[in-house]
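# Tertiary structure, described
Chain residues, written in single-letter form:
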Amino acid sequence: MRALLNGGTLGGRAMKLRHQPDGVIIRALLPKDVELFRSLRLQALEDSPDAYVETLEGARDCDWEARTGRLFVLDPPISVAYVALVRDLPVAMIIAGHKDHNDSPFLAAMWVHPDFRRRGIGRSLVDRALVFLSSTGQRYVSLWVTESHADVFQFYESLGFERTGAKSTLRSGSEITILEMARALSKISLRSTRAAGA
Ligand SMILES: CC(C)(COP(=O)(O)OP(=O)(O)OC[C@H]1O[C@@H](n2cnc3c(N)ncnc32)[C@H](O)[C@@H]1OP(=O)(O)O)[C@@H](O)C(=O)NCCC(=O)NCCS
């Protein structure tokens, strides 16, 4: 499991993920990355407050040591954060997780720094997160997108996600509508196998 999270292997074979942009390192968040995690999340909430359930104020008040530590309590883990670095500068993140085997697999907290968008970094992070979920036996994955964020729908549609028809509000008392998207995970193993054999 650790090898999968850090190095990227699937089914015992070395795996090359598609679309890994040049000069970008994608790796799993480590227990020591408390400040990196906090910094990326606060930047995301400052940049795109309507994209996330959590508020900037809530994140500022959070115990980040404990929050980071929760990702590493279980072995194998049920939640993983991946970060993207360009020349050691953290520029993007994603969280993937599931509550139990085959239950509620999700992607969350997807964010790429505005100066680094449209370079394939978001796609690479989603690819990595889908491989993690697939490796834990998940068969589908879902996420929520703010209704007015047409660019984000295009991003996830380009990665095989479709709207499920489910809708909700961003958070209690909010008038912002969010829509669910989902995709099957069977495709990921086919795609990864092909990439590994390339
Ligand atoms: C959505 C987001 C994560 C995309 O990250 P990114 O690194 O720019 O995405 P990629 O470069 O990997 O794009 C992959 C594909 O998605 C689609 N896409 C991405 N951004 C798009 C945009 N603004 N408009 C239209 N299509 C877009 C394109 O098909 C793109 O492929 P192409 O560049 O070859 O045409 C980024 O814009 C972001 O962080 N937005 C703010 C935070 C947010 O809303 N997060 C989602 C929470 S649910």
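Residues numbered from 1 in each chain as written. Predicted model: local features only at pLDDT ≥ 70, side-chain atom pairs only at ≥ 80, totals over all residues. Heavy atoms only, no water.

## What to know about the site of the ligand
- As a structural note, the neighbourhood of the ligand is formed by 19 residues, with Val112, Arg118, Gly120, Gly122 and Arg123 the closest of them.
- Between the ligand and the protein, one listed contact pairs an oxygen atom with a backbone N or O atom of valine 112 at 2.8 Å.
- Contact distances for the ligand include 2.8 Å between an oxygen atom and a backbone N or O atom of glycine 122.
- Compared with its free state, where it exposes 920 Å², the ligand has 82% of that area covered by protein.
- Put simply, the parts of the chain that give the shell around the ligand at least two residues each are β6 (106–112), α5 (121–135) and α6 (150–158). (Near = heavy atom within 4 Å. Polar contact = N/O pair within 3.5 Å; in protein donor to acceptor, adjacent residues only side chain to side chain. Areas by Shrake-Rupley, 256 points an atom, 1.4 Å probe, with all protein chains shown as cover. Helix = DSSP H or I, 4+ residues; strand = E, 2+ residues; numbered from the N terminus.)

## Quick look at the pairing of strand β9 (residues 177–184)
- The buried fraction of β9 is high, at 6 of 8 residues.
- In this sheet, β9 lies alongside strand β7 (residues 140–146) in antiparallel orientation, the contact comprising 7 bridges. Looking at β9, one finds that leucine 143 is bridged to methionine 181.
- Note that strand β8 (residues 162–169) and β9 share 5 bridges and pair antiparallel. Considered in β9, the bridge of arginine 163 is made with methionine 181. (Buried < 20%, exposed > 50% of the residue type's maximum accessible area, 1.4 Å probe, protein only. Pairing = 2+ DSSP bridges.)

## Description of the environment of glycine 97
- With respect to the helices, strands and loops of the structure, glycine 97 is situated in strand β5 (residues 89–97).
- By relative accessible area, which is 0% here, glycine 97 ends up buried.
- Sequence separation between glycine 97 and glutamine 138 is 41 residues; the distance between their C-alpha atoms is 9.8 Å.

## As for helix α2 (residues 34–47)
- The terminal C-alpha atoms of α2 lie 20 Å apart, and with 14 residues this matches the ideal 20 Å at 1.5 Å per residue to within 8%.
- If you check which residues of α2 are buried, you get Val34, Leu36, Phe37, Leu40, Arg41, Leu42, Ala44 and Leu45. (Expected span 1.5 Å × (residues − 1).)

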